[in-house]
Amino acid sequence: MEIENHGINITILGSGTCVPSLQRSSCSVLMQIGATRLLFDSGAGTMRRLLEAETTIFDLDYIFYSHFHPDHSAELVPLIFATKYPDQNQRRSPLTIIAGQGLTELFSGLKAVYGQWIELAAGMLKFIELDNQSRDSLNFSNFTVESRPVEHNPESIAYRITSADGASAVYSGDTDFSENLIELAKDADLLICESAMPDSLQVKGHLTPSMAGEIAARAGVGKLVLTHFYPDCDDADIEQECRKTYRGPLLLAEDLMKIKVTR
Ligand SMILES: [Zn+2]
Ligand SMILES: [Zn+2]
């Protein structure tokens, strides 16, 4: 299908949180640009949701972490360990892991616990740390990455991915209200934004639907996808709360929802 080669093909793998849920797996998003597959966060259940999205761990080229809370990062260890079965030659190209500063320290800590169980053949596991104090960027053959610090953990960064043909998608990770996120998402085709709690139950370090809507409206994004719903969101009218501040195209994420982004 030629259309698959254009823009960015997105699958919400997990639209939930740390709270166990059969409907919402922990946080994870898959983006496909041509044959390149980018994973954003890997909370519990990510590998199973990947299979449901007809993707295996061996298909992944990059994993981006928004921050290191376990509901966003915990499946990294099982994912690398699973790469060794039945033998690690199944992975033919390197897996590159990208996050804010602290990534290599985090991985050394994991290595102190798991040792060779999370080692791959030389050169098959790469790490890139981005600046979490200021803006940063990376260029790859068929896409670019821009990042900005956001308001959650010291290592927290949000990502903007732009395909070579100009489609752009922003992933907020977890954040409180963030001018940096507005700047990063300026005129993006899609913003995948956390909306952890309803307006009436706002907590520090997270957004509500109307706060996420304000960010999307001020950034002028083409489409907004709200995700990272705690169970408290089930009892609220998330769409109506978001509509207080945002009038554009709006989706409430569900696991395995697919979104196509083109220019
Ligand atoms: Zn978090
Ligand atoms: Zn979270």
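Everything below is about the structure shown above.
Residues numbered from 1 in each chain as written. Chains lettered and ligands numbered in written order. Predicted model: local features only at pLDDT ≥ 70, side-chain atom pairs only at ≥ 80, totals over all residues. Heavy atoms only, no water.

## Quick word on the overall build of the protein chain
Point 1. The secondary structure content of the protein chain amounts to seven helices and 14 strands.
Point 2. On C-alpha atoms alone, the protein chain measures out to a radius of gyration of 17 Å, which is about the 18 Å that the 2.2 N^0.38 rule sets for 263 residues.
Point 3. Its C-alpha atoms give the protein chain principal-axis dimensions of about 50 × 40 × 35 Å.
Point 4. Burial analysis of the protein chain (263 residues in total) assigns 55% to the buried set. (Helix = DSSP H or I, 4+ residues; strand = E, 2+ residues; numbered from the N terminus. Rg over C-alpha atoms; globule rule 2.2 N^0.38 Å. Buried < 20%, exposed > 50% of the residue type's maximum accessible area, 1.4 Å probe, protein only.)

## Section: the coordination of the zinc ion (ligand 1)
Point 1. Around the zinc ion (ligand 1), the protein supplies H67 (NE2), H69 (ND1), H152 (NE2) and D174 (OD) as donor atoms, at distances of 2.1 to 2.3 Å.
Point 2. In this structure, the zinc ion (ligand 1) is coordinated by four donor atoms arranged in irregular fashion, with angles at the metal of 92 to 167°.
Point 3. Here the zinc ion (ligand 1) and the zinc ion (ligand 2) are spaced 3.3 Å apart, linked through D174, which binds each one.
Point 4. On the accessibility criterion, H67 (0% relative accessible area) is buried.
Point 5. Since its relative accessible area comes to 30%, H69 is described here as partly exposed. (Donors = N, O, S within 2.8 Å, 3.2 Å for Na, K, Ca; no water. Tetrahedral: all angles 85-135°; square planar, octahedral: opposite > 155°, others 65-115°.)

## Points about helix α6 (residues 209–219)
Point 1. Burial analysis of α6 places eight of its eleven residues in the buried class, the great majority of the element.
Point 2. Of all the residues in α6, the buried ones are P209, S210, M211, A212, G213, I215, A216 and A219.
Point 3. On its buried side, α6 packs onto α5 (179–184), β11 (190–194), β12 (224–227) and α7 (238–242).
Point 4. Note on α6: the residue one or two positions beyond its end, G220, has a positive phi of about 70°. (Contact = heavy atoms within 4.5 Å.)

## Section: the coordination of the zinc ion (ligand 2)
Point 1. Within the protein, H72 (NE2), D174 (OD) and H228 (NE2) serve as the donor atoms for the zinc ion (ligand 2), at 2.0 to 2.1 Å.
Point 2. Linear spacing of the donor residues for the zinc ion (ligand 2) on their chain is H-x101-D-x53-H.
Point 3. Judged by relative accessible area, which is 3%, D174 ranks as buried.

## Digging into a nonpolar patch on the surface
Point 1. Together, F81, V113, Y114 and W117 give the surface a local cluster of nonpolar side chains, amounting to about 450 Å² of exposed area.
Point 2. Inspection of the secondary structure puts V113 in helix α4 (residues 103–114).
Point 3. Residue class for V113 comes out exposed when judged on its relative accessible area of 59%. (Patch = residues over 30% accessible without salt bridge, like charges linked within 9 Å, V, L, I, M, F, W, Y side chains within 5 Å. Areas by Shrake-Rupley, 256 points an atom, 1.4 Å probe, with all protein chains shown as cover. Salt bridge = Lys/Arg side-chain N within 4 Å of Asp/Glu carboxyl O.)

## Considerations on unusual backbone geometry
Point 1. Of note, the amide linkage connecting Y85 to P86 takes the cis form, showing an omega dihedral of -10°.
Point 2. Its place among the elements puts P86 in the loop between α3 (76–82) and β5 (95–100).
Point 3. Positioned with a positive phi, D41 is a non-glycine residue whose angle comes to about 65°.
Point 4. Within the secondary structure layout, D41 lies in the loop between β3 (36–40) and α1 (46–52).
Point 5. Unusually for a residue other than glycine, D187 sits at a positive phi of about 60°.
Point 6. Here D187 is to be found in the loop between α5 and β11.
Point 7. For D187, a relative accessible area of 48% translates into the label partly exposed.

## Thoughts on the pairing of strand β14 (residues 258–261)
Point 1. Where burial is concerned, the two faces of β14 differ: the one with I259 and V261 is buried and the one with K258 and K260 is not.
Point 2. Here four bridges tie strand β1 (residues 8–14) to β14, and the two strands are oriented antiparallel to one another. Its bridge partner being in β14, N9 is matched across the sheet by K260. (Pairing = 2+ DSSP bridges.)

## Some thoughts on α4
Point 1. Look at α4: 16 Å from first C-alpha to last across twelve residues, which is about the 16 Å you get at 1.5 Å a residue.
Point 2. Positioned one or two residues after α4, G115 has a phi angle of 55°, which is positive. (Expected span 1.5 Å × (residues − 1).)

## A look at the sheet that holds strand β10 (residues 168–171)
Point 1. Strand order in this open sheet of seven strands is β7-β8-β9-β10-β11-β12-β13, and the pairing throughout is mixed. Among the strands making up the open sheet, the edge pair consists of β7 (136–139) and β13 (250–252). Here the strands of the sheet are splayed against their neighbours by 15° on average, with no regard to which way each runs.
Point 2. Alignment of β10 against β11, held across three bridges, turns out to be parallel. Within β11, the residue paired with A169 across the bridge is L190.
Point 3. Sitting on the sheet, α6 touches β11 and β12, and the angle it makes with β12 is about 150°. (Axes fitted to C-alpha atoms, helices over the stretch in contact; angles between N-to-C directions.)

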